[in-house]
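Descriptive structure summary
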Amino acid sequence: MFHKILVALDHSETALDVFDQALDLAATTQANLMLLHVLSTDDQDAPDAPTPFPSMYYYPGLSATSISVYQQQWEQYTHTAQDILQAQSEEARLAGVSVKITQKQGSPGETICEVAKEWQADLILLGSRGRAGLSEWLLGSVSNYVMHHAPCSVLICRETETPPPNSIPDHLNQQLMSNLAGWQ
């Protein structure tokens, strides 16, 4: 079955489901896990890179300050991501699952595929944000890239949808139900 499962995690809510499913699967199949976080400017928690604007050239100190602030934010982002991986690693160990963690900087899709190939993973688990159409074309889809370039099987965990709220007010819904009951 599966011996090595690579779990690609970001900081989305879907990542919690991905980790839980990976942990269950690894415990069931007695597989080893590798938890991977790719440091990328595309990640929702990554700091925004400073963008130059005309006055920065007139005030060079402003440019140096913004770069310094960005570097501090990036270091904090890196440490926070590492702490999350450590906590998930500890949870896996407590569940009796052998686990490694790694954090690399790069393009998420390419990095996931490279790590899977280097580690000789049997399966990659990752989440999907549900991008489609124009947003997928413009922003790209990590899960789509991995699915087409991975050296092994890929399991994509979709974002769980919350059911839409009932659009019919309760009093109308009750009236509708009583009318339907009368037809029987």
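In short, a report on the structure. Remember, predicted model here, so these are calculated numbers, not experimental data.

Another point: the overall build of the protein. The helix and strand inventory of the protein stands at seven helices and five strands. Beginning at the N terminus, the succession of helices and strands in the protein can be written as β-α-β-α-α-β-α-β-α-α-β-α. Intrachain contacts of the protein at a sequence separation of at least 6 include 76% that bridge at least 24 residues. When the accessible surface of the protein is summed, it comes to about 12000 Å², and 53% of that surface belongs to carbon and sulfur atoms.

Once that is clear, we can look at the environment of leucine 33. By secondary structure assignment, the location of leucine 33 is in strand E2 (residues 32–39). Once the C-alpha coordinates of leucine 33 and histidine 3 are considered, the two residues, 30 residues apart in sequence, prove to be 8.5 Å apart. Not counting the four nearest positions on each side in its chain, leucine 33 is found in contact with Ile5, Val7, Ala22, Leu23, Ala26, Ala92, Val97, Ser98, Val99, Lys100 and Trp119.

This brings us to the sheet that holds strand E3 (residues 99–105). Across the sheet, which stays open at both edges, the five strands sit in the order E3-E2-E1-E4-E5 with parallel pairing between neighbours. On the outer flanks of this sheet lie E3 and strand E5 (153–158), each paired with one strand and no other. Strand-to-strand, the axes of this sheet are offset by a mean angle of 25°, without reference to chain direction. Against the sheet, helix H6 (residues 142–149) touches strand E4 (123–128) and E5, its axis set at about 155° to E4.

Here the focus is the packing of aromatic side chains. What the rule picks out here adds up to two aromatic pairs. Plain terms: the ring middles of tyrosine 70 and tryptophan 74 are 6.2 Å apart, the flat faces sit at 35° to each other, and that makes the pair tilted. Pair noted here: tyrosine 70 and tryptophan 74 are both in helix H3 (residues 60–94), with a separation of four residues, about one helical turn. Given the relative accessible area of 17%, tyrosine 70 is considered buried. For tryptophan 74, a relative accessible area of 13% translates into the label buried. The interplanar angle of 55° and the centroid separation of 4.9 Å between the aromatic rings of tryptophan 74 and tyrosine 77 together place this pair among those described as tilted. Separated by three residues within a single helix, tryptophan 74 and tyrosine 77 lie in helix H3, roughly one turn from each other. In textbook terms, an aromatic cluster arises when at least three aromatic residues are bridged by ring pairs, as seen for Tyr70, Trp74 and Tyr77.

Once that is clear, we can look at helix H4 (residues 108–119). Spanning 12 residues, H4 covers 16 Å between terminal C-alpha atoms, matching the ideal 16 Å at 1.5 Å per step. Contact partners of the buried residues in H4: strand E1 (4–9), E2, E3, E4 and H6. Phi for glutamine 120, located one or two positions after H4, is positive at around 60°.

Not every positive phi belongs to a glycine, and glutamine 30 is a case in point at roughly 55°. What makes glutamine 30 exposed here is its relative accessible area of 72%. The phi dihedral of glutamine 120 falls on the positive side, at around 60°, and the residue is not glycine. In this structure, glutamine 120 sits in the loop between H4 and E4.

So, on to the side chain of serine 143. By the element assignment, serine 143 lies in helix H6. Taking the relative accessible area as the measure of exposure, serine 143 reaches 8% and is therefore buried. A distance of 3.2 Å separates the side chain of serine 143 from the side chain of serine 141, its partner in a polar contact. Ignoring anything within four residues of it in the chain, the contact list for serine 143 reads Leu126, Gly127, Ser128 and Ile156.

Here we come to the packing of H4 against H6. Between H4 and H6, whose axes approach to 8 Å, the crossing angle comes to 35°. Once H4 is placed against H6, the crossing between them reads as right-handed. Here H4 contributes Pro108, Gly109, Glu110, Ile112 and Cys113 to the contact with H6, which in turn contributes Val142, Tyr145, Val146 and His149. Of the residues that constitute the contact of H4 with H6, the class distribution is six nonpolar, two polar and one charged.

Calculation rules
- Residues numbered from 1 in each chain as written.
- Predicted model: local features only at pLDDT ≥ 70, side-chain atom pairs only at ≥ 80, totals over all residues.
- Heavy atoms only, no water.
- Helix = DSSP H or I, 4+ residues; strand = E, 2+ residues; numbered from the N terminus.
- Contact = heavy atoms within 4.5 Å.
- Areas by Shrake-Rupley, 256 points an atom, 1.4 Å probe, with all protein chains shown as cover.
- Pairing = 2+ DSSP bridges.
- Axes fitted to C-alpha atoms, helices over the stretch in contact; angles between N-to-C directions.
- Phe/Tyr/Trp six-rings, centres within 6.5 Å; stacked < 30°, edge-to-face > 60°.
- Buried < 20%, exposed > 50% of the residue type's maximum accessible area, 1.4 Å probe, protein only.
- Expected span 1.5 Å × (residues − 1).
- Polar contact = N/O pair within 3.5 Å; in protein donor to acceptor, adjacent residues only side chain to side chain.
- Left-handed = near helix turned anticlockwise from the far one by under 90°.
- Nonpolar A, V, L, I, M, F, W, Y, C, P; charged D, E, K, R; others polar.

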